[in-house]
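Structure assessment
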Amino acid sequence: MAAPSASTPSREIEIRNCLRLQMEDLLQSFYSAVGVAPRQHPPANAGELLADNFRGQFFLRDSGEHVSFNKEQMLVSDLGHRDIRPNAQLIALTSTCAADIFVSVNFAIAFRYGQTSVVRRGTFKAVKVHSGWALRSIDEEVRTVMLPESRRKLRTASDAPRVWIR
């Protein structure tokens, strides 16, 4: 007679899932601090989110602009839509490669502003610092997509933020 067995996740899977959640939080905090995503409560301190040698590159596909920022420039920039905040967001962290103090993450994130969706795809690199993780670099392509039909006023499950990690 076979004895029932319960399988527990291995330590490696637990560490990988924990790392992915930390990277997701880091990206959300970064977008919140620079005005792309809704402000978090309490708001994240952008200075703590960026490594001293931070380098950000943003390719605006619609206008063909390539914008680069160092840490000081990033802290004073306003990448958001002023007072307009997205009413839905979608995050997908598609792959991670981890070492003890360095992580590289490919991501796609979409913010919806009424009839417009801003899709940001790219890669960021994070380093382990004494207080957690900090962004060392971010390289993304930003595209604006006009949506063909208006959404219903009724809030459905699809309106809520969703996270997919593969």
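Here, every reference points to the structure presented above.
Scope of this entry: the structure provided in the associated data block.

Focus: the overall build of the chain
Scanning the chain for helices and strands turns up 3 helices and 7 strands. Taken from the N to the C terminus, the helices and strands of the chain come in the order α-α-β-β-α-β-β-β-β-β. Considering only contacts in the chain between residues 6 or more positions apart, those separated by 24 or more positions represent 57%. For the chain, the computed accessible surface area is about 10500 Å², with 53% contributed by carbon and sulfur atoms.

Some thoughts on the environment of Val-34
Structurally, the position occupied by Val-34 is in the loop between helix H1 (11–33) and helix H2 (46–49). According to the relative accessible area criterion, Val-34 is buried, its value standing at 6%.

As for the side chain of Gln-28
Topologically, Gln-28 is positioned in helix H1. Taking relative accessible area as the criterion, Gln-28 reaches 18% and is therefore assigned buried. Other than its neighbours up to four places away in sequence, Gln-28 contacts Ala-37, Gln-40, Gln-89 and Ile-91.

What about the packing of aromatic side chains?
The full count for this structure, using the stated rule, is 5 aromatic pairs. Plain terms: the ring middles of Phe-30 and Tyr-31 are 5.6 Å apart, the flat faces sit at 50° to each other, and that makes the pair tilted. Note on accessibility: Phe-30 and Tyr-31 belong to one class, buried. Geometrically, the ring pair formed by Phe-107 and Phe-124 is tilted, given 5.8 Å between the ring centres and 50° between the ring planes. Of this pair, Phe-107 sits in strand S4 (residues 102–113) while Phe-124 is found in strand S5 (residues 116–129), placing the two residues 17 residues apart along the sequence.

Details of the pattern of salt bridges
Scanning all chains against the criterion turns up 3 salt bridges. Between Asp-52 and Lys-71 there is a salt bridge, and its shortest N-O distance comes to 3.2 Å. On the criterion of sequence distance, the pair formed by Asp-52 in strand S1 (residues 50–60) and Lys-71 in helix H3 (residues 71–76) is long-range, its members being 19 residues apart. The class for Asp-52 is exposed, based on a relative accessible area of 68%.

Section: the pairing of strand S6 (residues 132–146)
As paired strands, S1 and S6 are joined by 7 bridges and run parallel to one another. Following the sheet pairing, Gln-57 is matched in S6 by Asp-139. Two elements, S5 and S6, share 14 bridges in a ladder whose sense is antiparallel. Bridge pairing links Gly-122 to Glu-140 in S6. Hairpin connection, S5 to S6: the antiparallel pair is bridged by 2 residues.

Parameters at a glance
Residues numbered from 1 in each chain as written. Predicted model: local features only at pLDDT ≥ 70, side-chain atom pairs only at ≥ 80, totals over all residues. Heavy atoms only, no water. Helix = DSSP H or I, 4+ residues; strand = E, 2+ residues; numbered from the N terminus. Contact = heavy atoms within 4.5 Å. Areas by Shrake-Rupley, 256 points an atom, 1.4 Å probe, with all protein chains shown as cover. Buried < 20%, exposed > 50% of the residue type's maximum accessible area, 1.4 Å probe, protein only. Phe/Tyr/Trp six-rings, centres within 6.5 Å; stacked < 30°, edge-to-face > 60°. Salt bridge = Lys/Arg side-chain N within 4 Å of Asp/Glu carboxyl O. Pairing = 2+ DSSP bridges.

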